[in-house]
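Residue-level structural notes
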Amino acid sequence: MAHSVKLAPCQVDYLNLVRALAAQIVLLGHSTAYFLAGHDRGGRWETFGVLVFFLLSGFLIALSVQQKRDRADYRFGHYLIDRFCRIFAGYLPALVLVAVVDGLMRDQPAYPYAASSTPLHWLGNLVMLQEYPAFQILRRLGVPEQSWFIEAFGSGRPFWTVAIEWWIYLTFGYLAFFVARRKRLGARDILILAAVGIVPLYNAMGGVGQCLSFVWAIGAAAAWAQDRLMRRGGPQALPGRRRWAWGLAGLMLLSAVLLAGRALVTDTRVYDLQFALFTAGILFGGFFLLGAAPIAVPRLVSRAIDRIADYSYSLYLIHYTVLIWFAVHRPAAGHYDLATFLEVFAIANGAAWIFWFLFERHYHRLAGLAKGWLDRRQPLGLDAPPLH
């Protein structure tokens, strides 16, 4: 995430730090299940990391759209290119990597994902059909498992969340660039939203991660608050800024108490809307507090945070494949092997950085080339919808 004129530098560092920690928490949670059995039996760490990712995604995407959508040089096509390149610059190479690595493990007796490492599943993941609502509904109705029930491809188990993100991006973008501008829904809008909104709608009430669409929306609501705040001149323009800061600190404390109570009542069920709300209170309370009372972060620390955050998406995409390679070739007796746990952590981070360097980091350049091509084919001003 580049530093923005809309955010204080320490706020950018804060968001980058949270993103980096979320990816590491997912890695630690999954690795613990294989090599430190008993420390996180419910898979709470990785689910918490996913929850934070969806809060951040809703905030960052919604804030970006709010800042850009009224610009004459930015339209839905640009938004779609940005989102496509951001997702697929890492996701497509990850699909290829998983296919290659899983192909090398496929004949191993301990390899657990033979049923989902077929060409059909690969293609289904390519077009974002993994854990599509139709498959999940049929399972709930008691239909026996079928080969065409697309799930996450092979050892790319985290890929199920990428599909949810993609369909949320399409739905939110269409609402923001077309429906919100016209302030009404036509028949064409309803048909398009029915096609792209199935996944977000289903994941608002169920799905693998329960209410993840609502979690994303919580982040988007925080972005709306940030946008309104900046349009009014930022925290510096608020009367009683010190009271505002103390109020935010109180919100964070209250959210922490409520989160602890909710965790106690539900045995730390992370995929829970109240759990997400209280987590958001801490996360975004800290963000707004840094806007009201910014702090100076040493440049060396800021750069270190940036570097670790840079490859967080790559780490999320490929860490489970690294983990399964070790689990297949070096199974831990009793699922407890601290040395292998640390080795997996180090290798997954190193591999993710290389993967980011080779593939993911080029998404800005790819998006720039694609938007340039779009503007040459469809010059702005000739076909852009009215802004108001």
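Structural notes, computed from the coordinates.

Conventions adopted
- Residues numbered from 1 in each chain as written.
- Predicted model: local features only at pLDDT ≥ 70, side-chain atom pairs only at ≥ 80, totals over all residues.
- Heavy atoms only, no water.
- Core = buried A, V, L, I, M, F, W, Y, C linked by side-chain atoms within 4.5 Å.
- Buried < 20%, exposed > 50% of the residue type's maximum accessible area, 1.4 Å probe, protein only.
- Helix = DSSP H or I, 4+ residues; strand = E, 2+ residues; numbered from the N terminus.
- Contact = heavy atoms within 4.5 Å.
- Phe/Tyr/Trp six-rings, centres within 6.5 Å; stacked < 30°, edge-to-face > 60°.
- Lys NZ or Arg CZ within 6 Å of the ring centre and 35° of its normal.
- 1 Å grid on protein atoms, 1.4 Å probe; cavity = no way out; pocket = protein on both sides within 12 Å on 5 of 7 lines; lining within 4 Å.
- Points joined across faces, edges and corners; volume = space filled by probe spheres on them.
- Nonpolar A, V, L, I, M, F, W, Y, C, P; charged D, E, K, R; others polar.
- Expected span 1.5 Å × (residues − 1).
- Axes fitted to C-alpha atoms, helices over the stretch in contact; angles between N-to-C directions.
- Parallel < 35°, antiparallel > 145°, perpendicular 65-115°, else oblique.
- Salt bridge = Lys/Arg side-chain N within 4 Å of Asp/Glu carboxyl O.

Turning next to the nonpolar core. Residues Ile87, Tyr91 and Met128 are the most contacted members of the largest nonpolar core, which totals 108 residues. For this core, the leading source of residues is helix α6 (residues 159-182), giving 15 residues. Sequence-distant contacts of methionine 128, defined by excluding residues within four places in its chain, comprise Ile87, Phe88, Tyr91, Val162, Ala163, Trp166 and Trp167.

Right, let's talk about the packing of aromatic side chains for a bit. One pass over the structure, following the stated rule, counts 30 aromatic pairs. When the centroid spacing of 5.2 Å and the interplanar angle of 35° are considered together, the rings of phenylalanine 59 and phenylalanine 284 count as tilted. Of this pair, phenylalanine 59 sits in helix α2 (residues 44-68) while phenylalanine 284 sits in helix α11 (residues 273-292), placing them 225 residues apart in sequence. Residue phenylalanine 59 is classed as buried on the basis of its relative accessible area, which comes to 0%. Ring pairing ties together the aromatic residues Tyr74, Phe76, Tyr79, Tyr174, Phe177 and Phe178, which thus form one cluster. Cation over ring: arginine 83 sits above tyrosine 169, and NZ or CZ is 5.2 Å from the ring centre. Here the basic side chain of arginine 86 rests over the ring of tyrosine 363, its NZ or CZ set 4.3 Å away from the ring centre.

Next up on the list: unusual backbone geometry. Of note, glutamate 131 is a non-glycine position whose phi angle comes to about 55°, a positive value. For glutamate 131, the position within the fold is in the loop between α4 (119-126) and α5 (133-140). Here the phi dihedral of threonine 268 falls at roughly 55°; this positive angle occurs in a residue that is not glycine. As for its position among the elements, threonine 268 is in the loop between α10 (241-266) and α11.

On to the layout of surface pockets, then. When its volume is computed, the second largest pocket comes out at roughly 510 Å³. Contributing elements (two or more residues each) for the lining of the second largest pocket: α2, α6, α8 (198-205) and α9 (212-231). It is α9 that contributes the most residues to the lining of the second largest pocket, 9 residues altogether. Each residue belonging to the lining of the second largest pocket can be placed in one class, and the counts come to 15 nonpolar, 4 polar and 5 charged.

Let's shift gears to the environment of alanine 110. Structurally, the position occupied by alanine 110 is in the loop between α3 (76-105) and α4. A C-alpha to C-alpha distance of 8.0 Å links alanine 110 and alanine 327, two positions 217 residues apart in sequence.

As a further point, take α9. The end-to-end C-alpha distance of α9, which contains 20 residues, comes to 29 Å, matching closely the 28 Å that a straight helix rising 1.5 Å per residue would cover. Against the buried residues of α9 lie α2, α6, α8 and α11. A positive backbone phi angle near 105° is found at glycine 233, which sits one or two residues after α9.

Helix-helix packing is described using two parameters, namely the angle between the two axes and the distance between the axes. The geometry of α8 relative to α9 is characterised by a closest axis approach of 5 Å and an angle of 100° between their N-to-C directions. Judged by the angle between their axes, α8 and α9 are roughly perpendicular. In this structure, α8 contributes Val199, Pro200, Asn203 and Ala204 to the contact, and α9 contributes Leu212, Ser213 and Phe214. Each residue belonging to the contact of α8 with α9 can be placed in one class, and the counts come to 5 nonpolar, 2 polar and no charged.

This part covers the environment of valine 199. With respect to the helices and strands, the residue valine 199 is situated in helix α8. A C-alpha to C-alpha distance of 8.4 Å links valine 199 and alanine 163, two positions 36 residues apart in sequence. The contacts of valine 199, once residues within four sequence positions are left out, are Tyr132, Pro133, Ile164, Trp167 and Ser213.

Packing of α3 against helix α13 (residues 312-329) leaves a shortest axis separation of 9 Å and a crossing angle of 5°. When the axes of α3 and α13 are compared, the pair comes out roughly parallel. Between α3 and α13, the residues in contact are Arg86, Ile87, Gly90, Tyr91, Ala94, Leu97, Val98, Val101, Asp102, Leu104 and Met105 and Tyr313, Leu317, Ile318, Thr321, Ile324, Trp325, Val328 and His329, respectively. For the contact of α3 with α13, the residue count by class is 14 nonpolar, 3 polar and 2 charged.

This part takes up the side chain of glutamine 226. Along the chain, glutamine 226 falls in helix α9. Setting aside residues no more than four positions away along its own chain, glutamine 226 makes contact with Lys6, Leu7, Phe59, Leu63, Phe287 and Phe288.

Counted according to the given criterion, the structure contains 14 salt bridges. One salt bridge in this structure joins arginine 71 and aspartate 73, with 3.0 Å as the shortest N-O distance. Here arginine 330 and glutamate 343 are joined by a salt bridge, their closest N and O atoms 2.6 Å apart. Of this pair, arginine 330 sits in the loop between α13 and α14 (338-358) while glutamate 343 sits in helix α14, and the two are 13 residues apart along the sequence. Relative accessible area serves as the criterion here: at 31%, glutamate 343 is assigned to the partly exposed category. When salt bridges that share partners are traced, they join Glu131, Arg139 and Glu145 into one network.

Any functional reading would require information that these geometric values do not contain.
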